[in-house]
Amino acid sequence: MLTKKIIIANWKMNLSLAETVGLTKKFKEKFAGFNQGEVVICPANLALSQAAKILKGSQLKLGAQNVFWEDKGMYTGEISADMLVEAGCQYVIIGHSERRKYLFENYEMIHKKVRAVLETAKLTPIVCIGETIEEKESDRRDFVLVEQLQQALSGIDVFGNQQIIVAYEPVWAIGTGTAIEPSEAEYAHKIIRLALNDMFGMRIISQNFKIIYGGSINSKNVKKFAALENMDGLLVGGVGLKVDDFSKVVKSIINLPAGRPVKN
Ligand code: PEP
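Residues numbered from 1 in each chain as written. Predicted model: local features only at pLDDT ≥ 70, side-chain atom pairs only at ≥ 80, totals over all residues. Heavy atoms only, no water.

- Under the annotation held in an unreviewed UniProt entry, the protein chain carries the name Triosephosphate isomerase and is attributed to Candidatus Falkowbacteria bacterium GW2011_GWA2_41_14.
- For the protein chain, the Subunit (unreviewed entry) comment in UniProt is given as "Homodimer."
- According to the UniProt record, the Sequence similarities (unreviewed entry) comment for the protein chain reads "Belongs to the triosephosphate isomerase family." (UniProt positions renumbered as here; feature names shortened; annotations may be inferred.)

Below you can see the structure in the form of structure tokens.
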């Protein structure tokens, strides 16, 4: 059995409701009948329910960009995992570096969000980790990645078919137009896989986890990433807003190696 590659488009706070509706329709049309990989769009909360309606009958999946850890109550402005499920989501991004930077999301908050999402058993968390430029330049990347994984996932039980996606996103590569060297991504993914193996064991890692890359992927540089052994997919920002370029990215990733073998 081979895992399908996954490509996730994070639309961030870029589109109005009308624009989201328009782009979702274009995605649906572009990917009609596509089932060689998993494609996920993550619009703003405002547009989730409408996007879910449009995506009915298509292979595309819906994700949210954030979630809160409590299930209901006096938490002004927040949204729970159950609410996201109700809106039609199957995925949710947790701990994106923009939230860590602008909203001061910390390790504890990210851990609580992962737990809350796994409790619903209906959502796949996309847990973002990655070093800053200062951490990279002081040679602390490996330590930072392991630390972030442990803080986010320690003590978490993974049951049945529950999927968890770890997105390696070097903060200094996001939105800059320059992705890191594919060999660097491959190295970082190996570190992540080894750390996860230590935490959960190899069987769980090969069955329940995917490790993906994010940071300035475009239709040109993607080809070099497609052949990496330890890469189960991509999280994209900018290129995810242009359906034709995004489709080229998806095709580049899907057409090369047909995925990573899953150990039973
Ligand atoms: C991101 O924000 O997660 C991201 C990968 O953005 P971009 O592709 O624009 O670098």
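### Comments concerning the UniProt feature "active site" (unreviewed entry) in the protein chain
Phase 1 of the analysis: What UniProt calls "active site" (unreviewed entry) maps, in this numbering, to His96 and Glu169. Their sequence span is 74 residues, while the largest C-alpha to C-alpha distance among them is just 8.6 Å; these annotated residues converge on one region. In the annotated set above, the residues contributing to the lining of the largest pocket are His96.
Phase 2 of the analysis: Within the secondary structure, His96 sits in the loop between β4 (91-94) and α4 (97-102).
Phase 3 of the analysis: Once you skip the residues sitting within four places of it in the chain, His96 turns out to touch Asn10, Lys12, Cys128, Glu169 and Ile174.
Phase 4 of the analysis: Looking at His96, its side chain comes within polar contact range of the main-chain nitrogen of Glu98, at 3.0 Å. (1 Å grid on protein atoms, 1.4 Å probe; cavity = no way out; pocket = protein on both sides within 12 Å on 5 of 7 lines; lining within 4 Å. Helix = DSSP H or I, 4+ residues; strand = E, 2+ residues; numbered from the N terminus. Contact = heavy atoms within 4.5 Å. Polar contact = N/O pair within 3.5 Å; in protein donor to acceptor, adjacent residues only side chain to side chain.)

### Comments concerning the UniProt feature "binding site: substrate" (unreviewed entry) in the protein chain
Phase 1 of the analysis: The residues that UniProt annotates with the feature "binding site: substrate" (unreviewed entry) are Asn10, Trp11, Lys12, Gly175, Ser216, Gly237 and Gly238. Spanning 229 residues, the named residues nonetheless gather at one spot, since no C-alpha pair among them exceeds 14.3 Å. Within the annotated group, the residues that form the lining of the largest pocket are Asn10, Lys12 and Gly175.
Phase 2 of the analysis: Mapped onto the elements, Trp11 comes out in the loop between β1 (6-10) and α1 (17-30).
Phase 3 of the analysis: Residue classification places Trp11 among the buried positions, given a relative accessible area of 1%.
Phase 4 of the analysis: In this structure Trp11 touches Thr20, Leu23, Thr24, Phe27, Ile41, Cys42, Pro43, Gln65, Gly240 and Leu241, once residues within four positions along its chain are discounted.
Phase 5 of the analysis: For Gly175, the position within the fold is in the loop between β6 (164-168) and α8 (182-200).
Phase 6 of the analysis: Gly175 gets classed as exposed once you look at its relative accessible area, which sits at 75%. (Buried < 20%, exposed > 50% of the residue type's maximum accessible area, 1.4 Å probe, protein only.)

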